[in-house]
Amino acid sequence: MVYDRPMRATRALIHLDRFCRNLRAVRERIGPRRRICVPVKAGAYGHGAVQIARAALAAGASHLAVAAVSEGAELREAGINAPILLLSQALPEEIPDIPRFALTPLVSDREFAGALARSAAAGARCPIHLKIDTGMGRLGCSPAEAPGLAAFIAGEKALEYAGTATHLAAADSGLPEDRAYTEGQLVRFREAVAGIRAAGVDPGIVHAANSGALLLHEDSWLDMVRPGILLYGYNLSGADFAAEPVMELVTRITFIRRIQAGESVSYGRTWTSPRDTCIATLPVGYGDGLPRLLSGSWQVLIRGRLYPLAGRICMDQCMADLGPETDIARWEEAAVFGGAAPDAAELAARLGTIPYEITCNISKRVPRVYMP
Ligand SMILES: *Cc1c(COP(=O)(O)O)cnc(C)c1O
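Since the structure is predicted, the reported quantities are computational estimates derived from the model, not experimental observations.

Novice: Give me the state of the cysteines: which residues, what numbers.
Specialist: This model, assessed by the stated rule, comprises 0 disulfides. Left unpaired, Cys 360 is separated from the closest cysteine sulfur, that of Cys 37, by 16 Å. Classification of Cys 360 by relative accessible area gives partly exposed; the value is 32%.

Novice: Which residues make up empty space enclosed by the protein, and what are the values?
Specialist: One pass over the full model with this rule turns up 1 cavity of 30 Å³ or more. Of the voids in this model, the largest cavity is the one considered here, and its volume is about 40 Å³. Along the walls of the largest cavity sit Lys 131, Ile 132, Asp 133, Thr 134, Met 136, Arg 138, Leu 139, Thr 166 and His 167, which together make up its complete lining. Tallied by class, the residues present in the lining of the largest cavity amount to 3 nonpolar, 3 polar and 3 charged.

Novice: Run through the pattern of salt bridges, naming residues and quoting values.
Specialist: Applying the stated criterion across every chain yields a total of 11 salt bridges. Its salt-bridge partner being Arg 275, residue Asp 321 comes within 3.0 Å of it at the nearest N-O pair. Residue Asp 321 is located in strand 17 (residues 318–323), and its partner Arg 275 is located in the loop between strand 13 (271–272) and strand 14 (277–282); the two are separated by 46 residues in the primary sequence. For the salt bridge of Glu 332 with Arg 303, the shortest nitrogen-to-oxygen distance reads 2.6 Å. Here Arg 303 lies in the loop between strand 15 (299–302) and strand 16 (305–308) and Glu 332 lies in the loop between strand 17 and strand 18 (333–337), a separation of 29 residues in the sequence.

Novice: So what about unusual backbone geometry? Which residues, and what values?
Specialist: You will see that Ala 44, though not glycine, has its phi angle at about 50°, which is positive. Mapped onto the elements, Ala 44 comes out in helix 2 (residues 41–46). Judged by relative accessible area, which is 0%, Ala 44 ranks as buried. The residue Arg 269 is not glycine, and still its phi comes out positive at about 55°. You can see Arg 269 is positioned in the loop between strand 12 (264–265) and strand 13.

Novice: Requested: an account of helix 3 (residues 49–58), with residues and values cited.
Specialist: Restricting attention to buried positions, one finds in helix 3 the residues Ala 49, Val 50, Ile 52, Ala 53, Ala 55 and Ala 56. Elements in contact with the buried residues of helix 3: strand 1 (11–15), helix 1 (16–30), strand 2 (35–39), helix 2, strand 3 (63–66) and helix 4 (69–77). One or two steps after helix 3, the chain reaches Gly 60, where phi turns positive at roughly 110°.

Novice: So what's going on with the environment of Gly 238? Residues and values would help.
Specialist: Mapped onto the secondary structure, Gly 238 falls in the loop between strand 9 (224–225) and strand 10 (247–252). Here Gly 238 falls in the exposed class, since its relative accessible area comes to 73%. Separated by 64 residues in the primary sequence, Gly 238 and Gly 174 place their C-alpha atoms 7.5 Å from one another.

Novice: Explain the domain arrangement of the protein chain to me, and be specific about the residues and the numbers.
Specialist: The assigned domain composition of the protein chain is domain 1 (34–225) and domain 2 (247–371). Placing a centre on the C-alpha atoms of domain 1 and another on those of domain 2 gives a separation of 39 Å. If you look at the interface, domain 1 gives 6 residues, while domain 2 gives 6 residues. Considering only the side of domain 1, the residues that lose the most area to domain 2 are Tyr 45, Gly 46 and His 47, jointly responsible for 72% of the buried surface there. Joining domain 1 to domain 2, the criterion identifies 0 salt bridges. The tally of links from domain 1 across to domain 2 stands at 5 residue pairs in polar contact (both at pLDDT 80 or more). Of the residues forming the side of domain 1 that touches domain 2, the biggest block, 3 residues, is contributed by helix 2. The class makeup of the residues in the side of domain 1 that touches domain 2 is 2 nonpolar, 4 polar and no charged.

Parameters at a glance
- Residues numbered from 1 in each chain as written.
- Predicted model: local features only at pLDDT ≥ 70, side-chain atom pairs only at ≥ 80, totals over all residues.
- Heavy atoms only, no water.
- Disulfide = S-S within 2.5 Å.
- Buried < 20%, exposed > 50% of the residue type's maximum accessible area, 1.4 Å probe, protein only.
- 1 Å grid on protein atoms, 1.4 Å probe; cavity = no way out; pocket = protein on both sides within 12 Å on 5 of 7 lines; lining within 4 Å.
- Points joined across faces, edges and corners; volume = space filled by probe spheres on them.
- Nonpolar A, V, L, I, M, F, W, Y, C, P; charged D, E, K, R; others polar.
- Salt bridge = Lys/Arg side-chain N within 4 Å of Asp/Glu carboxyl O.
- Helix = DSSP H or I, 4+ residues; strand = E, 2+ residues; numbered from the N terminus.
- Contact = heavy atoms within 4.5 Å.
- Domains from an automatic or database assignment.
- Buried area = accessible area lost by both parts, 1.4 Å probe.
- Polar contact = N/O pair within 3.5 Å; in protein donor to acceptor, adjacent residues only side chain to side chain.

What follows is the structure in C-alpha cells.
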C-alpha cells in the first residue's frame, strides 16, 4: 500500500518567489559578470534540494554545491545538469561515484587527486577545484603547497583543473578583528592564486565568498560567490541587505480545552496556569524539528496575534495559551515561525544558535509545500 497524501497540519511553506528575489538582489549587488554558486547541501538548508536547485538555476545561478556524494547524485537523478561542487571530502569508496554523477570535487591533497584521476581515467576528464586552507582549519591544502599541487593536478590527464577556492571563517562579522582576519585570509588566497599562475596553471574559476563575505568584503567576490544563508533569507552580517526568509513553518490547532487556575500543562509540570484559560494543542514538536529547548520561550501567531507556548514541547505536539476568553476555533492555522510570525533567525537567537540549524533540522516528517 502506498500512502500518497503526505498532508499534515504541520507544513513548511517554501516561498520560491522570495528565494528568487533574494537571488536577484545578490545578482544586482555583484554585477552581471560574476557567477553564482548556490549551496543546496543538507536539503538546501532544509528547504528541499531539488526544488531550490531548479529555482536557483532558472534565476541565473551557474553552479550548485553539495556536501555529500549522495546529495549530488540526488540532483543528477532529478535531471539537473549544472556543475555541482562537492564541498566536503569524499571517502575512498565514494570516489568512483564522483565521475559517475559528474560532480566537481574540491580537492585538498595529492592522495585524493591521484585516486580520482585513476578512477576517472576510463571515461571523460573529471573537473576539480583546488581547495586552499587560508584560515578555516577544516579542508584544503596550505597556501605554500597550492602551486605544487595545482601543477600535479594540471599534469593529470584524467583531471581538468577548473577552479580554485577557499572558505572564510569569520566573514559575517563586522568586528574589526574579524574583518582583519578575513582580509588576511583573502591576502593569503590571492597570493596562492598568483603562485598557481606563476607555476603555469590557469586557476580557473576563483572563489571565496560565502554570504557574510558577499555583504561585508567586496574584494572577496572574485569570479564566483557562494552565498547560502542569505538566499534562504537571513542576513546575519548587519549589512544593509533586505533578505526575505524563504521558509515558513505552519500548523493547525487540533484541540482546544479550557483549564482552571492551578492546572499544569505538559511533561514535567513546568508550567501551571495562573488563571482559568484556554489551551490549544498544536501537532508540532521536536520530532518535527521544533527545538525542545524553546519550551517556555516562544509564541505562535494565530489570526494575527501572538500566543505563548505553555509547558514543555513534546515530540509531536506543543500547547499554546489562548487566554481566558477566545474566539479562536479548533482547526485554525497557526504560524510557528516565518511569514507574519517572528522568523527562524529570531527563534535561533532565543536558543543561542543560528538559523541554519533551525531550518536544516525541520525533519523529513514535515511536508515542504512550494509556493510559486
Ligand atoms: C555552506 C558553505 C557556503 C555557504 O555559506 P553561507 O554562510 O550559508 O553563505 C559557502 N562555502 C562553503 C565551502 C560552504 O560549506
